[in-house]
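# Observations on the three-dimensional arrangement
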Amino acid sequence: MKKSYLLVSALTAGLLFSTTSCKDVLEEVPVSQVGAQYINSAAGFEAAGRAAYSTLRDFYGREIGMNLTVFGTDTYTMGADGSYKFMNQYLSQFDGRVDILRDLWNNFYVGINTMNIVIDNAATVTGLDANLVKRRVAEMKFLRAHHYFVLVQTFGGVALITKGNLEPTKAFNRASVKDVYALITSDLESAIPDLGTPTSDYGRATKGAAEHLLARVYLTKATSEAAAADDYAKAATYATNVIKNYSYALLPDFASVFAQGGGEINSEVIFATQYTSDALTNIGVAGGASVNGNQTHLYFGMEYDTQAGMQRDVLGGRPFKRYRPTTYMLETVFAQANRVNDSRYKKTFKDTWLSNRPGTYTNMFDDSKTSLTFATGDTTIFIPGFEMSKADRAKRKYQVLVPSNYRPNLFPTLQKFLDPLRPDRTYEAGSRDFLMFRLAETYLILGEAQFRLGKLTEAAEAINVVRRRAAWPGRQTQMEITPAQLSIDFILDERDRELAGEMFRWFDLKRTGKLIERVKAYNPDGGPNIKDFHVLRPIPQDQIDRTTNGATAFPQNPGY
């Protein structure tokens, strides 16, 4: 069973002005006039603070966030299904009218407005201990910094709003990237002294979470328009603080990090977006409609459920076949020669399916045999991860899916997000938490920052901490790298061995200046079309149209 969660839900209806409808925002009216009074009460102040957390669920565990961070990279391209293939292909359809962009923008600004209102009213709230009020303000600053960090990485300069607003307005302009980063770092640095360490009120922002986010922010800022000479040093300092000053610890087994249920709350998890089996708690907004639950279990699965001996079941998941690993991901990032030492290929990808539809079959993707008969529980599909010969495959009493037979609907399935606790095989609303910050990434941030500072020995040791944990038993020494082996390309690949699918890749490639180069080289669907301007996403056209003086005041990003 999970520990007690910080219950978050959309409680800000009386405080916020809706922006998610297709209707022009200026024609809408607030749904309640009690917000200004309610927010000053202890109950209202606490409710608004909790509601601010719920906007994390508009990005993490959703198609919005996955499409913007997994698609169109060197390690994932498009599978057989899905409505947004043009995002992976970098086609002209990927413009400011795409609903995913609009929803991210609107939902995050709704969240930012809630955070601003809580901060603005902290001085007048009654009935709460002063230290608790300071902590809640610090939590809002943490969340506001997080939202602006996602926005600035995605869009560049954005509207910088730091005061709560209960009335509609058309007065906006784009702040500079430097100004956005200044707010982000100021918010986080000022929040740290007033944040708590982990408590039974699980899910709230903590000192460790803020320092981890600051380390990631400074690592990213160092290659942005806002770069400063001490960014990498600050990234290393904050990452070191997280590692040394708190009780976080890597779990002994990489796979156990993603154990569902109680396993999601463990010593490695620094901060997570919370989901539960409560449908009301899990609601978010996308495409102008409500969506429910953590949906990542849907997107990475292959079409196992139409194959010989198989039908869809809860354990195997409901495969939407959206994201297919590239050849580069499977053959270079997870090179076969390294798998004897590194357990992460085996623990990242599902390789075996057991029959739940017994019978004799002749229609198969494996051309090494003409028919197979399965009893319940027999192995029906095996993915070895290398090109097993036809003769060797013929000896197996099941289908063997080899790389030469991979296709848009048949490919290795990322298994860390599968959700076998769903009540039935068609259920879309997953209940597992989405792990946003975990200690393995902290070590990788530290290693990259030290590499950039020229501290190669320290960088290698930080990365080796993660690699030793990933080793098969008795292979820890073989997993260690030397300082001479370090490069940005190695670090990028190590990050994906550890963090595959965890909503980092597009940001990582952009941050390191490798997005265009690597998509061209390794993403066969996106490579022919990607251009230099694709390091930013298009500003939602709704925002431009609804701003006084339109594109003059709020210009679109170049190329769109």
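Quick notes on the rules
Residues numbered from 1 in each chain as written. Predicted model: local features only at pLDDT ≥ 70, side-chain atom pairs only at ≥ 80, totals over all residues. Heavy atoms only, no water. Helix = DSSP H or I, 4+ residues; strand = E, 2+ residues; numbered from the N terminus. Rg over C-alpha atoms; globule rule 2.2 N^0.38 Å. Buried < 20%, exposed > 50% of the residue type's maximum accessible area, 1.4 Å probe, protein only. Contact = heavy atoms within 4.5 Å. Areas by Shrake-Rupley, 256 points an atom, 1.4 Å probe, with all protein chains shown as cover. Lys, Arg positive; Asp, Glu negative; His and termini not counted. Charge placed at Lys NZ, Arg CZ, Asp CG, Glu CD. pLDDT = per-residue confidence, 0-100. Expected span 1.5 Å × (residues − 1). Axes fitted to C-alpha atoms, helices over the stretch in contact; angles between N-to-C directions. Parallel < 35°, antiparallel > 145°, perpendicular 65-115°, else oblique. Left-handed = near helix turned anticlockwise from the far one by under 90°. Nonpolar A, V, L, I, M, F, W, Y, C, P; charged D, E, K, R; others polar. Core = buried A, V, L, I, M, F, W, Y, C linked by side-chain atoms within 4.5 Å. Salt bridge = Lys/Arg side-chain N within 4 Å of Asp/Glu carboxyl O.

### Some details on the overall build of the protein
Looking only at helices and strands, the protein has 20 helices and 13 strands in total. For 560 residues, the compact-globule formula gives about 24 Å, and the C-alpha radius of gyration of the protein, at 24 Å, lands near that figure. The burial tally for the protein puts 59% of its 560 residues in the buried class. The long-range fraction of contacts in the protein, counting pairs at least 24 apart against all pairs at least 6 apart in sequence, stands at 72%. Just so you have it, the protein exposes about 21,100 Å², and 52% of that area is on carbon and sulfur atoms. Averaging the coordinates of the 64 positive side-chain charges in the protein and doing the same for the 60 negative ones gives two points 3 Å apart.

### Describing the confidence of the model for the protein
Scored by pLDDT, the protein comes out at a mean of 91, with 91% of its residues at no less than 70. Counted against residues more than four places away or in other chains, residues 1-34, with its pLDDT under 50, gives 79 contacts.

### Considerations on helix α9 (residues 231-245)
Counted at 1.5 Å a residue, the expected span for α9 with its 15 residues is 21 Å, and the 21 Å between its end C-alpha atoms agrees. Here α9 has its buried residues at Asp231, Tyr232, Ala235, Ala236, Tyr238, Ala239, Val242 and Ile243. Lining the buried residues of α9 we find α7 (177-191), α8 (207-221), β2 (269-273) and α13 (439-452).

### Quick look at helix α2 (residues 42-54)
When the terminal C-alpha atoms of α2 are compared, their 19 Å separation across 13 residues agrees well with the 18 Å that a helix rising 1.5 Å per residue should span. Along α2, ten of the 13 residues are buried, which leaves the element largely enclosed by surrounding structure. Within the sequence span of α2, burial applies to Gly44, Phe45, Glu46, Ala47, Ala48, Gly49, Ala51, Ala52, Tyr53 and Ser54.

### Some remarks on the environment of Asn549
Structurally, the position occupied by Asn549 is in the loop between α19 (541-545) and α20 (550-553). Distance in space between the C-alpha atoms of Asn549 and Ala171 is 8.9 Å, their sequence separation being 378 residues.

### Brief notes about the environment of Asp496
Positionally, Asp496 belongs in helix α16 (residues 488-499). Through-space distance from the C-alpha of Asp496 to that of Ala459 is 17 Å; in sequence the pair is 37 residues apart. Sequence-distant contacts of Asp496, that is, excluding residues within four places in its chain, are made with Thr75, Met329, Val333, Phe334 and Arg505.

### So, the packing of helix α5 (residues 99-120) against helix α6 (residues 130-155)
Orientation of α5 relative to α6, taken along the N-to-C sense of each, is 155 degrees, at an axis distance of 9 Å. In terms of their interaxial angle, α5 and α6 are classed as roughly antiparallel. Crossing of α5 against α6: the hand is left-handed. Note on element contacts: α6 touches α5 through Val137, Met140, Lys141, Leu143, Arg144, His146, His147, Tyr148, Val150, Leu151, Thr154 and Phe155, opposite Leu101, Leu104, Trp105, Phe108, Tyr109, Ile112, Met115, Asn116, Val118 and Ile119. Here the residues of the contact of α5 with α6 are counted per class, giving 16 nonpolar, four polar and two charged.

### Topic: the nonpolar core
Ranked by size, the top nonpolar core spans 143 residues in total, and within it Phe142 and Ile184 carry the most contacts. Among the elements that line this core, the one with the most residues is α6, at 13 residues. Setting aside residues up to four positions removed in sequence, Ile184 forms contacts with Ala145, Tyr148, Phe149, Val152 and Val217. Core analysis: the next-biggest nonpolar cluster, separate from the first, contains ten residues, Ala308, Phe374, Phe382 and Tyr398 among them.

### Things to note about the pattern of salt bridges
Summed over the entire model, instances satisfying the criterion amount to 48 salt bridges. In this structure, Arg102 engages Asp103 in a salt bridge whose closest nitrogen and oxygen atoms are separated by 3.2 Å. In terms of burial, Arg102 and Asp103 fall into one category: buried. One salt bridge connects Arg518 with Asp493, and the closest N-O pair in it is separated by 3.0 Å. Taken as a pair, Arg518 in helix α18 (residues 515-522) and Asp493 in helix α16 lie far apart in primary sequence, 25 residues in all. Using a relative accessible area of 2% as the deciding quantity, one classes Arg518 as buried.

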